[in-house]
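Descriptive structure summary
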There are 2 protein chains.
Amino acid sequence: MRILPHSIEKLSEELAKLPSIGPKLASRLTFYLLKSSDQDIENLSSTLKQLKKDLKVCKSCFIFSEEDLCPVCKDKKRDHSTICVVENPLDVVALENTSEYNGVYHILGGAISPIDGIGPDKLRIKELIFRIQNSKRKVKEIILATNPNLEGEATAMFLVKKLRPFKIKTTRIARGLPIGGDLEYADENTLARALEGRKEYQVT
Amino acid sequence: MRILPHSIEKLSEELAKLPSIGPKLASRLTFYLLKSSDQDIENLSSTLKQLKKDLKVCKSCFIFSEEDLCPVCKDKKRDHSTICVVENPLDVVALENTSEYNGVYHILGGAISPIDGIGPDKLRIKELIFRIQNSKRKVKEIILATNPNLEGEATAMFLVKKLRPFKIKTTRIARGLPIGGDLEYADENTLARALEGRKEYQVT
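Residues numbered from 1 in each chain as written. Chains lettered and ligands numbered in written order. Predicted model: local features only at pLDDT ≥ 70, side-chain atom pairs only at ≥ 80, totals over all residues. Heavy atoms only, no water.

Notes on the sheet that holds strand β5 (residues 141-144) of chain A
Residues and elements named next belong to chain A. Ordered in space as β4-β3-β5-β6, the four strands form an open sheet in which the pairing is parallel. Strands at the two margins of the open sheet, each flanked by one partner only, are β4 (103-107) and β6 (169-172). With strand direction ignored, the average angle separating the axes of adjacent strands in the sheet is 25°. Sheet topology places β5 next to β6; four bridges connect them, and they run parallel. Its bridge partner being in β6, leucine 144 is matched across the sheet by arginine 172. Contacting β3 (79-86) and β4, helix α5 (residues 89-98) crosses the sheet at an angle of about 160° to β4. (Pairing = 2+ DSSP bridges. Helix = DSSP H or I, 4+ residues; strand = E, 2+ residues; numbered from the N terminus. Axes fitted to C-alpha atoms, helices over the stretch in contact; angles between N-to-C directions. Contact = heavy atoms within 4.5 Å.)

The following block contains the structure:
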């Protein structure tokens, strides 16, 4: 028997379509919203509607942007000779949060994944090469920061080969034990990489 | 530096206000929605807007309803002499999903919780008593199905005392080990309750 009103069940169903939100959480969210003020619901609804309005993509790095160039690509203080290649826009956000990187980015839009039917042609690799060839300032380093998983590694390897003719220093972000991690619980691959990438202490 | 457009950050912020959704999941959801079709986003936005429209509360059991009486309270095949008292509407959904219960419900709207400033007067206890006194069919059993936690138990005990004058059979849902649970990992209280509520095998 359908007990709850249609409007409640419909919102639960819509929310359950989103990733990481199962039917139980969808119900909880719906009942939370039922208790929220009309204003809060109106806000969320209109924010959703506005999401894609006036949204562009940065001509240089392909992150979502309000203007033709994103704040990073527009910034003259950033090092435009270093390009960090990532899979997705959220990777840029994560890297920016470290405050450790002063170069610019290039968003591939995913990683090579034959299972999902994503070949190199579906990624912004041509655009990366075009950018290297037509950059005002000579590109000195390409940092490959695709994810440290099967697809990300394959994409990095593919890019290394593609970029070889340009004779630019190409690096890969370090893989090893995560900070705060526990050796005992690390998987073999991570541990193997951590050993392989070990660094010598500078004893003075 | 703010890297992402305002509309993206705003939706992430709005989503992060919801329960069980942290900033990371909020970002993931936002980027998932960015990839969704305009139609899907429009659907979600309008479903949200419609949520509280034409929404009533059942006059009898206080669940959200499209009409004055909810489908359960309207159903003549249900046993209206048995009232199952629960804290929230989702508890009704959970109980209905078992297909084991044929009586009707009464939603308190929470549990007694002095820490949160919720006293008995903030729950629909007066309404329950009014319902018992004015029911066309004599109420034969009240099942207390508040949560098996501190607040729920306190509420159940409060109700037992309140309902005593009416001399109606009052029961409490069983507490014990959950099906599929593991004795080794059960907490002491659950285990103590499971022992206390043990049942004898009917040896024939």
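The discussion continues.
Overview of unusual backbone geometry
The phi dihedral of Ser20(A) is positive, around 65°, even though this residue is not glycine. Examined against the element boundaries, Ser20(A) turns out to sit in the loop between α1 (6-16) and α2 (23-35). On the basis of relative accessible area, Ser20(A) is assigned to the partly exposed category, the value being 45%. Here the phi dihedral of Phe62(B) falls at roughly 75°; this positive angle occurs in a residue that is not glycine. Looking at the secondary structure, you find Phe62(B) in the loop between β1 (56-57) and β2 (64-65). (Buried < 20%, exposed > 50% of the residue type's maximum accessible area, 1.4 Å probe, protein only.)

Description of the nonpolar core
One finds Ile63(A), Ile142(A), Ile63(B) and Ile142(B) to be the most contacted residues of the largest nonpolar core, which totals 102 residues. Once residues lying within four places of it in the same chain are set aside, the contact partners of Ile142(B) are Ile83(B), Val85(B), Ile132(B), Leu163(B), Ile168(B), Lys169(B), Thr170(B) and Thr171(B). (Core = buried A, V, L, I, M, F, W, Y, C linked by side-chain atoms within 4.5 Å.)

A look at the packing of α1(A) against helix α3 (residues 38-50) of chain B
With their axes 9 Å apart at the nearest point, α1(A) and α3(B) run at an angle of 150° to one another. The orientation of α1(A) with respect to α3(B), classified from their angle, is roughly antiparallel. Considering how the two elements wind past one another, α1(A) and α3(B) form a crossing that is left-handed. Contacts from Ser7(A), Lys10(A), Leu11(A), Glu14(A) and Leu15(A) in α1(A) reach Asn43(B), Leu44(B), Thr47(B), Leu48(B) and Gln50(B) in α3(B). Taken together, the residues of the contact of α1(A) with α3(B) break down into four nonpolar, four polar and two charged. (Parallel < 35°, antiparallel > 145°, perpendicular 65-115°, else oblique. Left-handed = near helix turned anticlockwise from the far one by under 90°. Nonpolar A, V, L, I, M, F, W, Y, C, P; charged D, E, K, R; others polar.)

Points about the relation of the copies chain A and chain B
When chain A is brought onto chain B, the operation consists of a screw motion whose angular component is 180° and whose axial shift is 0.1 Å, with 0.1 Å RMSD remaining. The operation mapping one copy onto its partner corresponds to a two-fold rotation axis. Relative to the rotation axis, the C-alpha of Ser45(A) is the closest in chain A, positioned 2.3 Å from it. The overlap is high: 100% of the interface residues of chain A also sit at the interface in chain B, so the same surface is used on both sides. (Least-squares fit on C-alpha atoms with pLDDT ≥ 70 in both.)

Observations concerning the environment of Glu14(B)
Residues and elements named next belong to chain B. Its place among the elements puts glutamate 14 in helix α1 (residues 6-16). Accessibility expressed as a relative area gives 11% for glutamate 14, which makes it buried. When the C-alpha positions of glutamate 14 and alanine 26 are compared, they lie 8.2 Å apart, and in sequence the two are twelve residues distant.

Some points on the interface of chain A and chain B
Taken together, the contacts link 54 residues of chain A with 54 residues of chain B. Summing both partners gives a buried area of about 5200 Å² for chain A against chain B, and 73% of it is carried by carbon and sulfur. The interface formed by chain A and chain B holds two salt bridges in total. We note a salt bridge from Asp38(B) to Lys52(A), for which the minimum N-O separation is 3.4 Å. The tally of links between chain A and chain B comes to 13 residue pairs in polar contact (both at pLDDT 80 or more). Contributing elements (two or more residues each) for the side of chain A that touches chain B: α1, α2, α3 (38-50), β2 (64-65), α4 (71-74) and α5 of chain A. Here the residues of the side of chain A that touches chain B sort into 29 nonpolar, twelve polar and 13 charged. (Buried area = accessible area lost by both parts, 1.4 Å probe. Salt bridge = Lys/Arg side-chain N within 4 Å of Asp/Glu carboxyl O. Polar contact = N/O pair within 3.5 Å; in protein donor to acceptor, adjacent residues only side chain to side chain.)

Structural notes on the confidence of the model for chain A
Residue and element names in this part refer to chain A. In the predicted model, chain A carries a mean pLDDT of 90, and 98% of its residues have values of at least 70. At the level of individual helices and strands, chain A shows its lowest average pLDDT in helix α8 (residues 188-196), which scores 82, and its highest in β4, which scores 96. Reported for the predicted complex are a pTM of 0.76 and an ipTM of 0.77. (pLDDT = per-residue confidence, 0-100.)

Some remarks on the side chain of Ser81(A)
Residue and element names in this part refer to chain A. If you trace the backbone, serine 81 turns up in strand β3. The class of serine 81 is buried, set by a relative accessible area of 7%. In this structure the side chain of serine 81 is engaged in a polar contact, spanning 2.6 Å, whose partner is the side chain of aspartate 79. Setting aside residues up to four positions removed in sequence, serine 81 forms contacts with Lys138, Val139, Lys140 and Glu141.

Re the pairing of strand β4 (residues 103-107) of chain B
Within a regular beta strand, the side chains point alternately toward one face of the sheet and then the other, so they alternate between its two faces. All names here are of chain B. When you tally the buried positions in β4, you get five out of five residues, the bulk of the element. Pairing between strand β3 (residues 79-86) and β4: five bridges, direction parallel. The residue of β4 that forms the bridge with valine 85 is histidine 106. Handedness of the crossover is the feature at issue here: the chain leaves β3, passes through helix α5 (residues 89-98), returns alongside β4, and the resulting connection is right-handed. (Right-handed = clockwise from strand over helix to strand, strands pointing away.)

Points about the packing of α1(A) against α2(A)
Residues and elements named next belong to chain A. It is the contact of α1 with α2, at a shortest axis distance of 8 Å, that shows an interaxial angle of 130°. Looking at the two axes, α1 sits oblique to α2. Classified by chirality, the crossing of α2 by α1 is right-handed. Of the residues in α2, those touching α1 at Ile8, Leu11, Ser12, Leu15 and Ala16 are Pro23, Ala26, Ser27, Leu29, Thr30, Phe31, Leu33 and Leu34.

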